[in-house]
Each structure stands twice: as structure tokens, then as C-alpha cells.
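Residues per chain, in single letters:
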Amino acid sequence: MLPYAYVLASAIPLIGSVLVPLIAFVSEKARDVFAVVCGFVAAAFALSMVPDVIAGKTGVYWHLWIPYVNIRVGFYVDPLSVFMACIATGIGALVLLYSLGYMEGDPGLTRYYSLMLLFIGGMVGLVTAASLVQLYLFWEVVGICSFALIGFWYEKPEAARAGVKAFLTTRFGDCLLLAGILMLYSNTGTFEIPTLLKMGHNLPVGVLTTVAVLFMWGAIGKSAQVPLHVWLPDAMEGPTTVSALIHAATMVKAGIYLVARMFPMFSLSPTAMTFLAW
């Protein structure tokens, strides 16, 4: 893979989202081209990890983040994370490219491209996170972006209401996910996903079941499953390109990813598996 691809696939669109408003002062055309280039460069870094995964070169890359409490950030390079990162960046790059025509002439294009890049970067950061703290931060980044992009045409009351509805509905699931993360930490003393998956056998079944159900409620909200599905139909008030990126290709897959990533722990609880099946 390209050097530091697991970091740059997320960092490039995140940095690009900050630079888009600055470049817009220079030239609107340069702003548009820059956003698309950021999307495709991020996709190139994500795709560069595929040969390593195929060759079996997987692992977690750790970096110290907050020394005083010994919190590290980690980046997964495995089939699940790379697959999801390629979907997020690949489809994201294409959506940005199609936006050149579909969104042409819209007065809010600077805000649009900045939010779209922020979303892509947040989604890649989410699926490559090896720490629950890191995962939750990016989980909220994509949530904020969905709120802002669904309500992008906020002059329309319907769009503004749809954005708020999506925000509030998914926050319910997010609060339960946060409770699950904190409960897991209180019983294990770590936020690191690889360590947590190994420690699952040492946790009481009751704790495992509660944590799994709380995590799954987070997934239910983010992936618009019953009964937290009510925000998704209204979300079509945003631009079609937003729907293509967030609701068809990426954010609603975040819940699926969370369940898949934590599945070794969930599978230790028959009750949690029954809940997941329903």
C-alpha cells in the first residue's frame, strides 16, 4: 500500500473540507476541481490497501494520542475496514464528480463540497478506527454531516425539518451506543477494540448482552432500521447527490459495520444474537 494510506485515506478529505472555503476565495472553479481531486486521491489511498489485504498483510497500526491517560489511536487494515473504506471513498469520489453537473450554479456549493469531504473523511475514519473513542468521534462527525446535508436547502421548511428529524432520531441511538461504550470500558478498562474482542470471554453474560443490545441500538439508529427508521424518507429533501452518498452508499452502512466489527463479542451472548436476528 502507499505510505500511511490508512491515515491519508481519511486525512485528505478531512483537510480538504477545511481548505475548500479558502480556495473558494480564489476561484469557484478551482474549488470544485479541488474537492473532486481530494475525493479521488483519498480513493487511491484506500484502494492501495487492497493488495496488502489480499496478500494477508493485515494488522492494527497504533499511535499514542493522549499520553496522560494512555489513550491511543489505532487504524485497522483488514478486509472489513479496507472494503468499507473503498466503498466510502470510491462512491464518494464519483458523487463529487457527478456533483459538478448536478449542483452547478447552486449558491451554497462551498458549504456543500466542504461538508461532503468532511463526511467522506469521517466515514473512512470510522471504519478504520481501532479504538471505540476514535470510532465514536467519527460516528458523530458523519451524524453532523448528515444533519447539515439533509437540510442543505434550509430555506425550505421541509428540508430544515428533515435535517432536524434525522439529527434527533439518530442521536437517540448514539446515546445508547455511548452508554454501551462506557459500560464496556468500566468492565474492561480499555477502549481498544482488538483487546476488547479478546477479553469478551472474561465478561459476564449479562454485561455482554447489555453492551451488545446498546451497541445494536446505535446501529439501528444510524442504519435507519425499525423503529428508528422514520428519518430516512424525509432525508430525501436533501440534494440527490447527498442521498446517493449518505443514504444509499455509506452512512447507513455504518451500523452494519459496527455490528460486523463487534460480532465476535456479540456472538458470546445467545440473547444478543436473538435480538440481532430480530
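Up top is the structure.
First, a word on what this report is: a plain description of the structure on this page. Keep in mind it's a predicted model, so treat the numbers as computed, not measured.

## Digging into unusual backbone geometry
Note: most residues except glycine have negative phi, and most peptide bonds are trans. The peptide bond linking valine 226 to proline 227 adopts the cis configuration, its omega dihedral lying at 10°. Here proline 227 shows up in the loop between helix H9 (205–222) and helix H10 (231–234).

## Some words on the state of the cysteines
Under the criterion given, the structure shown has 0 disulfides. No disulfide involves cysteine 86; its sulfur sits 18 Å from the nearest other cysteine sulfur, which is in cysteine 38. With no disulfide of its own, cysteine 145 has cysteine 38 as its nearest cysteine by sulfur position, at a separation of 15 Å. Classification of cysteine 145 by relative accessible area gives buried; the value is 0%.

## Topic: the side chain of serine 10
Its place among the elements puts serine 10 in helix H1 (residues 5–26). Residue class for serine 10 comes out buried when judged on its relative accessible area of 5%. Excluding residues that lie within four positions of it along the chain, serine 10 makes contacts with Gly121, Val124, Gly125 and Phe138.

## Focus: the packing of helix H5 (residues 109–128) against helix H6 (residues 132–150)
Orientation of H5 relative to H6, taken along the N-to-C sense of each, is 150°, at an axis distance of 8 Å. When the axis of H5 is compared with that of H6, the two are roughly antiparallel. Seen from above, H5 lies across H6 with left-handed handedness. Residues Tyr112, Leu115, Met116, Leu118, Phe119, Gly121, Gly122, Met123, Gly125 and Leu126 of H5 form the contact with H6, whose participating residues are Leu135, Phe138, Trp139, Val141, Val142, Cys145, Ala148 and Leu149. Class assignment of the residues belonging to the contact of H5 with H6 gives a composition of 15 nonpolar, 3 polar and no charged.

## Examining the environment of glycine 92
With respect to the helices and strands, the residue glycine 92 is situated in helix H4 (residues 79–102). Taking C-alpha positions, glycine 92 is 12 Å from serine 10, a pair spaced 82 residues apart along the chain.

## Focus: the packing of H4 against H5
Across the interface, H4 lies against H5 with an axial gap of 8 Å and an inter-helix angle of 170°. When the interaxial angle is binned, H4 and H5 end up roughly antiparallel. Along the contact surface, H4 presents Ser81, Met84, Ala85, Ala88, Thr89, Gly92, Val95, Leu96, Ser99 and Leu100, while H5 presents Tyr112, Tyr113, Met116, Leu117, Ile120, Met123, Val124, Val127 and Thr128. Of the residues assigned to the contact of H4 with H5, the class counts are 14 nonpolar, 5 polar and no charged.

Cut-offs applied
Residues numbered from 1 in each chain as written. Predicted model: local features only at pLDDT ≥ 70, side-chain atom pairs only at ≥ 80, totals over all residues. Heavy atoms only, no water. Helix = DSSP H or I, 4+ residues; strand = E, 2+ residues; numbered from the N terminus. Disulfide = S-S within 2.5 Å. Buried < 20%, exposed > 50% of the residue type's maximum accessible area, 1.4 Å probe, protein only. Contact = heavy atoms within 4.5 Å. Axes fitted to C-alpha atoms, helices over the stretch in contact; angles between N-to-C directions. Parallel < 35°, antiparallel > 145°, perpendicular 65-115°, else oblique. Left-handed = near helix turned anticlockwise from the far one by under 90°. Nonpolar A, V, L, I, M, F, W, Y, C, P; charged D, E, K, R; others polar.

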